[in-house]
Amino acid sequence: MGKRYYCDYCDRSFQDNMHNRKKHLNGVQHHRAKKAWFDNFRDAAAILVDEQSKKPCRKFLQTGQCVFGTNCRFSHMTEREMEHLKQLAAGHGSRGPRAVSGKRGAVSEPTVEDWLVKREKRRAAQGRGSALNDEDEEDEDEKPLGLDLPLHFLSIPDLPPSLLPPPPGGWTTTVQSQWG
């Protein structure tokens, strides 16, 4: 049957040859799926700028539905949603790094850079065979290196299967003792 190409954006596979891959990568469906994927990571300020530049969709305002859906060139945001987006954009810009309000006040959420630094420290300590200092561990649970991902990585909707973290117990492997 030959090699198969799997597209994470479109969640489909097809026979891998130059013609099929080029046809798929230049197709409208792939471009829409890719745009939808990257739109998940846009910040509130960028979304606000785009939505303010669009006129409101009359059909959506009248009926609450639009036949064009996410491909509509007009805005489907209500005034309340626009105000909420303005507050998010203003609040995110003034706080600097992400902050989560907890019971004891504002607590800084760890960034990807913090996680990478902590991960390198853990790898270096494991390579030397020594334990981390108490000040480096802080509130660190003992997790294997692949399972200590930041929580906001796990909250991404529709994560492609190739980017999902391994299950908590690790991958289940069955030993095949008989062939054929």
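Residues numbered from 1 in each chain as written. Predicted model: local features only at pLDDT ≥ 70, side-chain atom pairs only at ≥ 80, totals over all residues. Heavy atoms only, no water.

Student: Would you explain the overall build of the chain in this entry?
Tutor: Helices and strands together make up the secondary structure of the chain, namely eight helices and four strands. Tracing the chain from N to C terminus, the helices and strands come up as β-β-α-α-α-α-α-β-β-α-α-α. For the chain, the residues scored as buried account for 16% of the 180 residues in total. Nonlocal contacts in the chain, meaning residues at least 24 apart in sequence, comprise 35% of its contacts between residues at least 6 apart. Just so you have it, the chain exposes about 14900 Å², and 54% of that area is on carbon and sulfur atoms. (Helix = DSSP H or I, 4+ residues; strand = E, 2+ residues; numbered from the N terminus. Buried < 20%, exposed > 50% of the residue type's maximum accessible area, 1.4 Å probe, protein only. Contact = heavy atoms within 4.5 Å. Areas by Shrake-Rupley, 256 points an atom, 1.4 Å probe, with all protein chains shown as cover.)

Student: Would you take a moment to explain a nonpolar patch on the surface for this structure?
Tutor: On the surface, a cluster of nonpolar side chains totalling about 290 Å² of accessible area is made up of Tyr9, Phe38 and Phe41. In this structure, Phe38 sits in helix 2 (residues 28–39). The exposure class assigned to Phe38 is partly exposed, which follows from its relative accessible area of 43%. (Patch = residues over 30% accessible without salt bridge, like charges linked within 9 Å, V, L, I, M, F, W, Y side chains within 5 Å. Salt bridge = Lys/Arg side-chain N within 4 Å of Asp/Glu carboxyl O.)

Student: Which parts of the structure should I look at to understand helix 2?
Tutor: A turn of α-helix holds 3.6 residues, and therefore any two residues three or four places apart point the same way. Given a rise of 1.5 Å per residue, twelve residues ought to cover 16 Å, and the 16 Å separating the end C-alpha atoms of helix 2 matches this to within 8%. Next to the buried residues of helix 2 lie strand 1 (4–7) and helix 1 (18–25). (Expected span 1.5 Å × (residues − 1).)

Student: What's the story with the pattern of salt bridges in this structure? I'm lost.
Tutor: A side chain of one charge can pair with a side chain of the opposite charge when the charged atoms of the two come close. If you walk through the whole model with that rule in mind, you get six salt bridges. Lys35 is the salt-bridge partner of Asp39, the closest N and O atoms lying 2.8 Å from each other. Of this pair, Asp39 and Lys35 are both found in helix 2, four residues apart, which corresponds to roughly one turn of the helix. Since its relative accessible area comes to 52%, Lys35 is described here as exposed. Notably, a salt bridge pairs Arg42 with Asp50, separated by 2.3 Å at the nearest N-O pair. Accessibility expressed as a relative area gives 33% for Asp50, which makes it partly exposed. The network of salt bridges with common partners includes Lys35, Asp39, Arg42 and Asp50.

Student: I tried to follow the environment of His24 on my own but got confused; where do I start?
Tutor: Secondary-structure assignment places His24 in helix 1. Residue class for His24 comes out buried when judged on its relative accessible area of 10%. Spatially, the C-alpha atoms of His24 and Cys10 are 9.7 Å apart, while their sequence positions differ by 14 residues. What His24 contacts, discounting residues up to four positions off in sequence, is Cys7, Cys10, Arg12, Phe14 and His30.

Student: Could you clarify how one ought to interpret the packing of aromatic side chains in this entry?
Tutor: The description of an aromatic ring pair uses the distance of the two centres, along with the angle that the planes make with each other. One pass over the structure, following the stated rule, counts three aromatic pairs. Arranged with centres 5.3 Å apart and planes meeting at 45°, the rings of Tyr5 and Phe14 form a pair that is tilted. We note that Tyr5, like Phe14, is buried. Judged by centre distance (5.9 Å) and plane angle (45°), the rings of Tyr9 and Phe38 are tilted. One end of the pair, Tyr9, is in the loop between strand 1 and strand 2 (12–15); the other, Phe38, is in helix 2, with 29 residues separating them in the sequence. Taking relative accessible area as the criterion, Tyr9 reaches 33% and is therefore assigned partly exposed. (Phe/Tyr/Trp six-rings, centres within 6.5 Å; stacked < 30°, edge-to-face > 60°.)

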